[in-house]
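The primary structure of each chain is shown beneath.
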Amino acid sequence: MLDVSMDKKLEVNKIYHMDCIKFLCNIEDNIVDLAVIDPPYNMRKAVWDTFKDEKEFFDFTFEWIDALIPKLKNNGSLYIFNTPYNSAYILAYLKEKGMIFQNWITWDKRDGMGAARQRYSNGQETILFFTKGDNHTFNYDDIRLPYDSTERIEHAKKKGIIKNGKRWFPNPKGKLCGEVWHISSARHKNKVNGKLKKMNHITPKPMDLMERIIQASSNRGDIVLDCFVGSGTTAVVAARLGRNFLCCDNNDNYVRLAQDALTKIN
Ligand SMILES: C[S@@+](CC[C@H](N)C(=O)[O-])C[C@H]1O[C@@H](n2cnc3c(N)ncnc32)[C@H](O)[C@@H]1O
């Protein structure tokens with residue numbers, strides 16, 4: 001059951017120490033431009049990621065989704081991280097709730113893979129991208145990537161390439177961003193001489209990945225929401241990019257960590 005008894009007075013640009021449901025119920029409806037949600041995955045990586053069974057996990061997941069959707073503006077966007085398996089169920093639930101599917105983003109984590117012997121080893125996570133309506137922000141020019149084939153592109157810059165009967169010239173800002181993202185995990189980036197270094201949070205998201213999402217799906221001054229902020233990645237990137245943030249976590253150590261990370265932004 002949702003707790004709707006409080007009086008919707010949360011301020012932006014603070015990290016709240018709160019349970020996600022209570023936090024969401026204290027936010028006004030229709031004010032969030034972008035929600036970037038990195039929730040528990042039910043992988044038993046920590047107490048907060050451990051559920052009795054799949055039913056308990058999906059009941060929890062669908063409860064926070066129900067609380068979150070009304071907070072999005074009609075042109076708001078929603079990104080949800082999870083395993084591919086869980087994402088299949090989350091996708092079906094979001095469709096049922098009337099959200100509009102945009103992309104199934106495959107994040108190739110460029111990290112060590114699991115040592116599976118009876119199936120393929122996994123090294124990816126899924127990021128579902130949904131919107132509430134169809135006039136959402138999408139700054140595709142801000143997230144262009146370098147072209148792969150430098151030789152061909154050098155040639156095309158001078159003379160163009162004939163495509164569908166038209167002369168095509170490469171965009172000086174690079175190619176459009178696809179839906180398979182090759183970005184090293186924070187864990188991998190943090191290794192020293194190939195050795196893992198202890199991190200303050202067990203599952204931080206990489207800053208560059210978060211930057212891509214926030215740049216693409218919000219503008220300066222917009223409100224970015226994350227109700228599982230952990231070490232504060234969403235808040236730090238949002239602040240650096242001139243966006244407002246509304247964030248919480250129910251673990252006070254992580255809240256302190258996130259608050260501390262915010263004080264170090266230059
Ligand atoms: C996957 S981690 C998020 C990591 C974060 N994206 C980062 O870059 O550090 C999920 C977070 O959800 C928090 N959490 C778990 N259950 C919660 C709940 N019911 N309410 C609020 N936070 C919760 C955990 O403490 C954990 O920090």
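A few points on the structure. All of these numbers come straight from a predicted model, not from anything done at the bench.

Here we come to the site of the ligand. Taken together, the neighbourhood of the ligand is formed by 22 residues, with Asp19, Asp38, Ser231, Thr233 and Asp249 sitting nearest. The contact in question runs from a nitrogen atom of the ligand to an N or O atom on the side chain of aspartate 19, over 2.8 Å. A distance of 2.7 Å is found between an oxygen atom of the ligand and a side-chain nitrogen or oxygen belonging to aspartate 249. In isolation the ligand offers 600 Å² of accessible surface; the protein chains occlude 97% of this area. Of the residues that constitute the shell around the ligand, the class distribution is eleven nonpolar, seven polar and four charged.

Time to look at the environment of threonine 106. By the secondary structure assignment, threonine 106 is in strand E4 (residues 100-108). Residues threonine 106 and phenylalanine 81 lie 25 residues apart in sequence; the distance between their C-alpha atoms is 9.9 Å. When near neighbours in sequence (up to four residues on either side) are disregarded, threonine 106 contacts Gln124, Glu125, Glu179, Val180 and Trp181.

Counted under the stated rule, the structure contains 14 aromatic pairs. Aromatic side chains phenylalanine 51 and phenylalanine 60 sit 5.4 Å apart centroid to centroid with 35° between the ring planes, which places their arrangement in the tilted category. Counting every residue linked through ring pairs, the aromatic cluster contains Phe51, Phe57, Phe58, Phe60, Phe62, Trp64, Tyr85, Tyr89, Tyr93 and Phe228. The ring of tryptophan 168 carries the charged tip of lysine 163 above its face, separated from the ring centre by 4.2 Å.

What counts, and where the lines are drawn
- Every chain is numbered independently, its residues counted from 1 as its sequence is written.
- At least 70 in pLDDT is required for a residue's local features to be given in this predicted model, at least 80 for side-chain atom pairs to be given and counted, and no such filter applies to totals for whole chains, interfaces and linings, which use all residues.
- Where side-chain values are given, they derive from all heavy atoms of the structure, hydrogens and water being excluded.
- In this text, near means that some heavy atom of the residue lies within 4 Å of the molecule or strand in question.
- For the purposes of these results, a polar contact is taken to be a pair of N or O atoms within 3.5 Å, where, inside protein, one atom must be able to donate a hydrogen and its partner to accept one; residues adjacent in sequence count only when each atom of the pair is a side-chain atom.
- Here the open area of atoms and residues is found with the Shrake-Rupley method and a 1.4 Å probe, where only the protein chains shown may cover a residue.
- Amino acids outside the nonpolar list (Ala, Val, Leu, Ile, Met, Phe, Trp, Tyr, Cys, Pro) and the charged list (Asp, Glu, Lys, Arg) are all regarded as polar, and Gly is one of them.
- Secondary structure elements are defined from DSSP: runs of H or I of at least 4 residues count as helices, runs of E of at least 2 residues count as strands, and each element is numbered from the N terminus.
- Here, residues are in contact when the closest pair of their heavy atoms is within 4.5 Å.
- Note on aromatic contacts: the rings of Phe and Tyr and the six-membered ring of Trp form a pair at centre separations within 6.5 Å, being stacked when their planes are under 30 degrees apart, edge-to-face when over 60 apart, and tilted otherwise.
- Remark: a charge is flagged as sitting over a ring if the NZ atom of Lys or the CZ atom of Arg is within 6 Å of the ring centre and within 35 degrees of the ring normal.

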